[in-house]
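Structure assessment
Okay, here's what each chain looks like letter by letter:
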Amino acid sequence: MTNVNTYEPVIGLEVHAELLTRSKMFCACPVVDSTRAQPNTAVCPICAGMPGTLPVVNRQAVAYAIKVGLALGCRINPTSIFERKNYFYPDLPKGYQISQYQHPLAESGSLQILTCAGARRVRINRVHMEEDAGKLVHLQDDGGAAYSLVDLNRAGLPLLEIVTEPDLHSLEEMKAYAAELRAVLRVLGVNSGDMEKGVIRFEANISIRPAGSAVLGKRVEIKNLNSFRTMERAVAHEIERQTHLLQTGGIVEQETRSFDEATGETRVMRSKEDAHDYRYFPEPDLPPLVVGEDWVAEVRETLPELPSARIMRLVEQYGLDLPQAQQLAESYPVADFFEQTCSMTAMPGRTLANWITDSYFAWMNERGRLFAEGRTTPQMLAGLMDAVRTGRVNRATAQSVLFRMLDSGVDAEELIRSQGLEQVSDHDEIVAVIRAVIGEHTTEYERYRVGKVELAHWFFGQVMKRTGGKANPAMVRELLQQELEK
Ligand SMILES: [Zn+2]
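The structure contained in this document is the topic of the report that follows. In this numbering scheme, every chain counts its residues from 1 along its sequence in written order. Confidence filtering applies because this is a predicted model: local features only for residues at pLDDT of at least 70, side-chain atom pairs given and counted only at 80 or more, and all residues used for totals across whole chains, interfaces and linings. To get the side-chain values, take all heavy atoms of the structure and skip hydrogens and water.

Quick look at the packing of helix α7 (residues 332–342) against helix α9 (residues 378–389) now. Axes here refer to lines fitted to C-alpha atoms; in helices the fit is confined to the stretch in contact. Angles between the N-to-C directions go from 0 to 180 degrees. Secondary structure is summarised from DSSP: a helix means a run of H or I of at least four residues, a strand means a run of E of at least two, and numbering begins at the N terminus for each. Relative to each other, α7 and α9 sit at 55°, their axes nearing to 8 Å. Taken together, the axis directions place α7 and α9 in an arrangement best described as oblique. Regarding α7 and α9, the two cross each other, and that crossing is right-handed. Where α7 abuts α9, its residues F337, Q340 and T341 lie against P378, L381 and A382. Think of it as three bins: nonpolar holds Ala, Val, Leu, Ile, Met, Phe, Trp, Tyr, Cys and Pro, charged holds Asp, Glu, Lys and Arg, and polar takes everything else, Gly as well. Class assignment for the residues of the contact of α7 with α9 results in 4 nonpolar, 2 polar and no charged. Throughout this description, any angle smaller than 35 degrees is read as roughly parallel, any larger than 145 degrees as roughly antiparallel, any in the 65 to 115 degree range as roughly perpendicular, and the remainder as oblique. A clockwise turn of the near helix away from the far one marks a right-handed crossing, whereas an anticlockwise turn of less than a right angle marks a left-handed crossing. Throughout, a residue-residue contact means that at least one pair of heavy atoms, one from each residue, lies within 4.5 Å.

Moving on, we get to helix α4 (residues 293–301). Only protein chains enter the area calculation, which uses a 1.4 Å probe; residues under 20% of their type maximum are buried, those over 50% are exposed, and those in between are partly exposed. Looking only at α4, the buried set comprises W295, V296 and V299. The buried residues of α4 occupy an angular sector of 100° when the element is viewed end-on, so they sit on one face. The outward face of α4, more than 90 degrees from its buried face, is lined by the exposed residues E293, D294, E298 and E301. On its buried face, α4 is in contact with α1 (59–71) and β2 (75–76). Arc definition: it is the arc formed by the directions from the helix axis to the C-beta atoms.

Around the zinc ion, the protein contributes the donor atoms C27 (SG), C29 (SG), C44 (SG) and C47 (SG), at 2.3 to 2.4 Å from the metal centre. A donor here means any N, O or S atom no more than 2.8 Å from the metal (3.2 Å for Na, K and Ca); water is not included, so a site may seem to lack partners. Irregular is the default label, applied whenever a site is not tetrahedral (four donors, all angles between 85 and 135 degrees) and neither square planar nor octahedral (four or six donors, opposite donors over 155 degrees apart, all other angles between 65 and 115). If you look at the zinc ion, its 4 donor atoms make angles of 100 to 115° with each other, and the shape they trace is tetrahedral. Expressed as a motif, the donor residue spacing for the zinc ion is C-x1-C-x14-C-x2-C. Within this pair, whereas C27 is found in the loop between β1 (7–18) and α1, its partner C44 is found in the loop between β1 and α1, the two being separated by 17 residues in sequence. Comparing C27 with C44 shows no difference in burial state: the two are buried.

What follows deals with the packing of aromatic side chains. Stacked, tilted and edge-to-face are the three classes assigned to paired rings of Phe, Tyr and Trp, where Trp is represented by its six-membered ring and a pair needs centres within 6.5 Å; plane angles under 30 degrees give stacked, over 60 edge-to-face, the rest tilted. Tallied over the full model, the rule gives 11 aromatic pairs. Ring geometry for Y101 versus Y280: centroids 3.9 Å apart, planes at 10°, classification stacked. On the criterion of sequence distance, the pair formed by Y101 in the loop between β5 (96–100) and β6 (106–115) and Y280 in the loop between β14 (265–271) and β15 (281–282) is long-range, its members being 179 residues apart. The partly exposed category is assigned to Y101, whose relative accessible area is 28%. On the numbers, 5.3 Å between centres and 90° between planes, the contact of F337 with F371 is edge-to-face. With F337 in helix α7 and F371 in the loop between α8 (349–367) and α9, this residue pair connects regions lying 34 residues apart in the sequence. Note on F371: relative accessible area 13%, which makes it buried. Three or more aromatic residues link up through ring pairs in this structure, and these residues are Y87, Y101, Y278 and Y280. Note on geometry: a ring has a charge over it if NZ (lysine) or CZ (arginine) is within 6 Å of the ring centre and within 35 degrees of the ring normal. Of note, R395 hangs over the ring of W355, and the distance from its end group to the ring centre comes to 4.5 Å. A cation over a ring is seen here: R477 above F460, with NZ or CZ 4.6 Å from the ring centre.

Structure, rendered in structure tokens:
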């Protein structure tokens, strides 16, 4: 029997992402949140598939698709063709889906992913445009008989299908790719990334082969994976199933499978269909989609810095470590806030980043608030950082000043002055407090003198408490040692 380690999974992902346009792909119906809107309230004769209606392409959807294509480094084809993909399903009233097949909008790109093995690029085969289908809701009547209702609110929503080459070779790489792609779509402002609402859905193609082999095995497609977790479980199970089959002399069939959340297993839906089963042909009601160079250039102008590039830049420019940079870049407003603050203070980037990811985030947790609800500008945080850096306030005081600043929007300087929070670094003043504390605790002092040296920490705490936490901790530590040893 062959060892399991000699097999390598080969995974390709197809990602379906809804585009955040105001209206649908081929009609003027509004895009509504299909998890909340009343069923069938955003439907017209076009998206309901009535005979005699004519589709009209949504210009904004095309602009978003170009944006994604460019962000993924794809070639934008000057002419792409909408085609009919024919199949029957109750949520598809037309009996076909308008999609792109032979001539997609964008091709041959890549996306950089970061895993513990480092950075590498995953090749993107294509990015094409299509429309979403409606939704079936499965119910039971009082007698227990099953029936289904159709909601067409989602029918005709603009969708992008983003297809990788079979370039992913582990669950970790697959997750990194999916997470990075989601981050890119969010940063581009074309998709909310709200997985619970089904705005991003996955299909995975999986085969396994002897490690080092260049030949691809028979691939199995798993449909309808609507969350990162489900995708991971399904693909992990499928790798295991195929490996076991090969190890025991079985044969992997090319087929389409679905994942059962309850059993954690995949099962056959149908033997794999081929493209000709859909009888694709050019949509006769739509002219070829022509995208001029001017338009592409115009969209290119609006491209923001992509997450992986930003993370690498944060590391290089500010000396952050990778997890810090990833944490900041997870939300662009947070990373923007960090960079603006950094430009206004001499506090090292790494320290400032910690103040944001530790203290600012702690405030959000404690108060149950969002980052944007903190009433502090980068300038105000920079002011507080300078007060820490120059020793005007100590760390512990600064932490409470930050919380008050975030609550009130009052400047750090004003809080420090009005509440007398300045750090006490006066030698004589600190010595006086130390002597008073020792004088009041002769028992502890005696025990210290006979060898219970850990009481030094306790004295330190007492002195800090006496100064309202404002004493310069380094000075207290040093002077306390001197006084205790006298
Ligand atoms: Zn409509």
